[in-house]
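Observations on chain architecture
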Amino acid sequence: YTLSYTTLFRSQINELASFIKENFPEQKVSLAGISYGGALSWGLTLMYPELIDKVIFVNPMPPNPAKYFALPSLNIFFRIPLPLMFVYFFLSLPVGKFFLKEAANIFRNLQGDFEEQRIETMRGRKLQFISHILWNFSWILRNENWQAWKMKLKNWNHDCLLIYDKKDPLFDFHFYDHFSQIISSTNVVTTQGAGHISTTQQSKLIAGAIREYLLRDYYKDVVGYNG
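In what follows, the accompanying structure is described.

Definitions and limits used
- Residues numbered from 1 in each chain as written.
- Predicted model: local features only at pLDDT ≥ 70, side-chain atom pairs only at ≥ 80, totals over all residues.
- Heavy atoms only, no water.
- Buried < 20%, exposed > 50% of the residue type's maximum accessible area, 1.4 Å probe, protein only.
- Helix = DSSP H or I, 4+ residues; strand = E, 2+ residues; numbered from the N terminus.
- Arc of directions from axis to C-beta.
- Contact = heavy atoms within 4.5 Å.
- Polar contact = N/O pair within 3.5 Å; in protein donor to acceptor, adjacent residues only side chain to side chain.
- Pairing = 2+ DSSP bridges.
- Axes fitted to C-alpha atoms, helices over the stretch in contact; angles between N-to-C directions.
- Salt bridge = Lys/Arg side-chain N within 4 Å of Asp/Glu carboxyl O.
- Phe/Tyr/Trp six-rings, centres within 6.5 Å; stacked < 30°, edge-to-face > 60°.

Turning to helix α4 (residues 84-92), a few remarks are in order. Given 3.6 residues per helical turn, the α-helix brings residues three or four places apart onto the same face. Within α4 the residues assigned to the buried category are V87, F90 and L91. Viewed along the axis of α4, the buried residues span an arc of 95°, placing them on a single side of the element. Residues of α4 that are buried in the fold lie against α3 (72-77), α5 (94-107) and α7 (124-143).

Turning our attention to the side chain of D165. Along the polypeptide, D165 turns up in strand β3 (residues 160-165). Within the structure, D165 has its side chain in polar contact with the backbone nitrogen of G193 (distance 3.2 Å). For D165, the side chain forms a polar contact with the main-chain nitrogen of A194, separated by 2.9 Å. The residues touching D165, leaving out its near neighbours within four places in the chain, are N59, Y176, T191, Q192, G193, A194 and G195.

So, on to the sheet that holds β3. To summarise the sheet geometry, strands pair through backbone hydrogen bonds and adopt either a parallel or an antiparallel arrangement. Across the sheet, 4 strands lie side by side as β1-β2-β3-β4; this open sheet has parallel pairing. Each edge of the open sheet carries a strand with a single partner, namely β1 (29-34) and β4 (188-191). Here the strands of the sheet are splayed against their neighbours by 15° on average, with no regard to which way each runs. Where β3 lies against β4, 4 bridges are found, and the strand directions are parallel. Bridge pairing in β4 places D165 opposite T191. Across the sheet, helix α2 (residues 36-47) touches β1 and β2 (52-58), and the angle it forms with β1 is around 145°.

On inspection of all chains with the given rule, the structure shows 3 salt bridges. The residue R10 makes a salt bridge to E144 at a minimum N-O spacing of 3.0 Å. Separated by 134 residues along the polypeptide, R10 in helix α1 (residues 9-23) and E144 in the loop between α7 and α8 (146-153) bring together distant segments of the chain. For R10, a relative accessible area of 34% translates into the label partly exposed. Owing to a relative accessible area of 8%, E144 belongs among the buried residues under this scheme.

Another aspect to go through is the packing of aromatic side chains. Here the structure, examined in full by the defined rule, presents 20 aromatic pairs. Ring centres of F175 and F179 lie 5.4 Å apart, and the angle between their planes is 35°; on these two criteria the pair is classed as tilted. Here F175 and its partner F179 are both found in helix α9 (residues 173-182), 4 residues apart, which amounts to about one turn of the helix. No difference in accessibility class separates F175 from F179, as the two residues are buried. Among the aromatic side chains, those forming a connected cluster through ring pairs are F9, Y36, W42, F69, F77, F78, F90, F99, F137, W146, W149 and F171.

Below you can see the structure in the form of structure tokens.
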């Protein structure tokens, strides 16, 4: 299932809700989302709480994310309304290549080799594709009513697990501390030095935490029954 990145954030949530209703009628589902998927998870839970059982966040994107970007270059880039052609022109310049390297370094597999040469030689359709992705994401960030989402988050009352990295290179870690307080989550697991896409670096720790969280109620029922 794919979403269109030319639609507003809330419209994407409506599409996801329709997908769940169609494929899991009269059921509640559990969500697990990392980064932008984490944002879709809290957005979907806030708009359609009747569809959701449990929620798992892994380094989730916050409302109005540009405010929390750890890299100043990302903060500036996603706040300025740039035409698509200018984005492509910017990324073709040396300063644009440097920007791409900084961004790519955030999402890379820390255990693998980072091939800077691939960015240096990026031209034509590949660069156009990357330009479209960045332009569309920037458009979503600038056109969504994030203040309304912040207000909705204050009324969060869903069971959830928050997993975040203390040294996440994408978002300021202070956001995660604040986020855990807003959602009143008592289920918090932290990683350190695993990067933003931490599931590739500390998969066993994260998978174990998720498994324990999802089976928690089952174990309670078994203990209660045996007791």
